[in-house]
Amino acid sequence: DAKTTQPPSMDCAEGRAANLPCNHSTISGNEYVYWYRQIHSQGPQYIIHGLKNNETNEMASLIITEDRKSSTLILPHATLRDTAVYYCIVELSGGGADGLTFGKGTHLIIQP
Amino acid sequence: NAGVTQTPKFRILKIGQSMTLQCTQDMNHNYMYWYRQDPGMGLKLIYYSVGAGITDKGEVPNGYNVSRSTTEDFPLRLELAAPSQTSVYFCASSSYEQYFGPGTRLTVT
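Residues numbered from 1 in each chain as written. Chains lettered and ligands numbered in written order. Predicted model: local features only at pLDDT ≥ 70, side-chain atom pairs only at ≥ 80, totals over all residues. Heavy atoms only, no water.

What follows concerns the overall build of chain A. If you tally the helices and strands in chain A, you get zero helices and nine strands. Mapped from its N terminus to its C terminus, chain A presents α and β elements in the order β-β-β-β-β-β-β-β-β. Its C-alpha radius of gyration of 13 Å places chain A within 12% of the 13 Å reference for a compact globule of 112 residues. Counting across all 112 residues of chain A, residues that qualify as buried make up 45%. Residue pairs in contact within chain A that sit at least 24 positions apart in sequence constitute 57% of those at least 6 positions apart. (Helix = DSSP H or I, 4+ residues; strand = E, 2+ residues; numbered from the N terminus. Rg over C-alpha atoms; globule rule 2.2 N^0.38 Å. Buried < 20%, exposed > 50% of the residue type's maximum accessible area, 1.4 Å probe, protein only. Contact = heavy atoms within 4.5 Å.)

Printed below as a string of structure tokens:
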């Protein structure tokens, strides 16, 4: 079973920031939080990951709470192309020898 | 870099037929994976490999076989196809993050 809990769906207006929450209350000290997204039937795409510090790259920002029991993925200026299923995954690193455990994710719909 | 490539993109099999799904990566990654995704669900791990000559079972290996003779290639073999194997199959390779191929959509009728 996935170690994370995400809302099944969310809406966001185009041009606004999309904030996707994830609960991972059983995360252990050496596990990372990874975010991937899957745009309509394509292969999943890596977005960002972090251990305990907040992270930012050209796609998104990742905010991890101090107790590491939850996190938020932020897409700063959502576009229609950001409509996708977003997966929050907790793993040791990269999936390693066990692969990634995918839950059902959050279906983010960007509204024009 | 082409990344991870998969062939074929689509395939229809009759029950009992066999086929091989091809996967190739050009990033020199040691780790490679096969997942399947049923409609409305997340991906489930079928098999993985940590390097050439080494493979191991994932969560749902029954009905499948793999081999890893080179770093680049990781084919998935379906023997005696069944309707329950109708799914979309994704291959991936990884360093710290996983890179996925475009998928193979398989229908078994």
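Before going further, it helps to spend a moment on the interface of chain B and chain A. Taken together, the contacts link 20 residues of chain B with 20 residues of chain A. Both sides of the chain B and chain A interface together cover about 1500 Å² of buried area, and 56% of this is carbon and sulfur. Counting across the interface, chain B meets chain A through zero salt bridges. Across the chain B-chain A interface, the total number found is five residue pairs in polar contact (both at pLDDT 80 or more). (Buried area = accessible area lost by both parts, 1.4 Å probe. Salt bridge = Lys/Arg side-chain N within 4 Å of Asp/Glu carboxyl O. Polar contact = N/O pair within 3.5 Å; in protein donor to acceptor, adjacent residues only side chain to side chain.)

Attention now moves to the sheet that holds strand 5 (residues 55–56) of chain A. Residue and element names in this part refer to chain A. Sheet architecture is open: four strands sit in the order 2-7-6-5, paired in antiparallel fashion. Taken across any chain shown, the strands that pair with only one partner, and hence form the sheet edges, are strand 2 (18–23) and strand 5. Pairing of strand 5 with strand 6 (residues 61–64), which is carried by two bridges, proceeds in the antiparallel orientation. Across the sheet, the residue bridging to Thr56 is Ser61, located in strand 6. (Pairing = 2+ DSSP bridges.)

With 21 residues, the main nonpolar core has Trp35, Leu73, Tyr86 and Leu108 of chain A as its most contacted residues. Counting residues per element, the ones that place at least two in this core are strand 2, strand 3 (32–38), strand 4 (45–50), strand 6, strand 7 (70–75), strand 8 (84–91) and strand 9 (106–111) of chain A. Looking at this core element by element, the count peaks at four residues for strand 8 of chain A. Ignoring anything within four residues of it in the chain, the contact list for Leu73 of chain A reads Ala18, Asn19, Leu20, Trp35, Ile47, Ile48, Ala60, Ser61 and Tyr86 of chain A. Of all hydrophobic cores here, the second largest spans 19 residues; its members include Met32, Leu78, Tyr89 and Leu106 of chain B. (Core = buried A, V, L, I, M, F, W, Y, C linked by side-chain atoms within 4.5 Å.)

Each aromatic ring pair is characterised by the separation of its centres together with the angle its planes make. All chains considered together, the criterion is met by 11 aromatic pairs over all chains. Note on Tyr34 of chain A and Tyr36 of chain A: the rings are 6.4 Å apart at their centroids and 25° apart in plane angle, and the pair reads as stacked. For the pair Tyr36 of chain A and Phe100 of chain B, a centre-to-centre distance of 6.1 Å together with 85° between the ring planes defines the contact as edge-to-face. Taken as a pair, Tyr36 of chain A in strand 3 and Phe100 of chain B in strand 10 (residues 98–100) lie in two separate chains rather than in one. Among the residues examined, Tyr36 of chain A registers a relative accessible area of 0% and is labelled buried. Its relative accessible area of 13% is what places Phe100 of chain B among the buried residues. The ring of Phe74 of chain B carries Arg68 of chain B above its face, with NZ or CZ at 5.9 Å from the centroid. (Phe/Tyr/Trp six-rings, centres within 6.5 Å; stacked < 30°, edge-to-face > 60°. Lys NZ or Arg CZ within 6 Å of the ring centre and 35° of its normal.)

All names here are of chain B. The strand order across the open sheet formed by four strands is 1-3-8-7, and the pairing between neighbours is antiparallel. With one partner strand each, in any of the chains shown, strand 1 (4–7) and strand 7 (64–66) form the two edges of the open sheet. For this sheet the average axis-to-axis angle between neighbouring strands, irrespective of direction, equals 20°. As judged from the three bridges shared by strand 3 (residues 19–25) and strand 8 (residues 76–78), these two strands associate in the antiparallel manner. When the bridges of strand 8 are listed, Thr20 appears paired with Arg77. (Axes fitted to C-alpha atoms, helices over the stretch in contact; angles between N-to-C directions.)

Residue and element names in this part refer to chain B. Along the chain, the position of Tyr99 falls in strand 10. Measuring from C-alpha to C-alpha, the distance between Tyr99 and Gly51 comes to 16 Å, with 48 residues separating the pair along the chain. Here Tyr99 is in contact with Val4, Met27, His29, Cys91, Ala92 and Ser93, once residues within four sequence places are set aside. Within the local environment of Tyr99, its side chain forms a polar contact with the side chain of Glu97, the two groups lying 2.8 Å apart.

This paragraph deals with the side chain of Thr106 of chain A. If you trace the backbone, Thr106 of chain A turns up in strand 9. Discounting chain neighbours no more than four positions away, the residues touching Thr106 of chain A are Gln6, Pro7, Pro8, Ser9, Met10, Leu20, Ala84, Val85 and Tyr86 of chain A.

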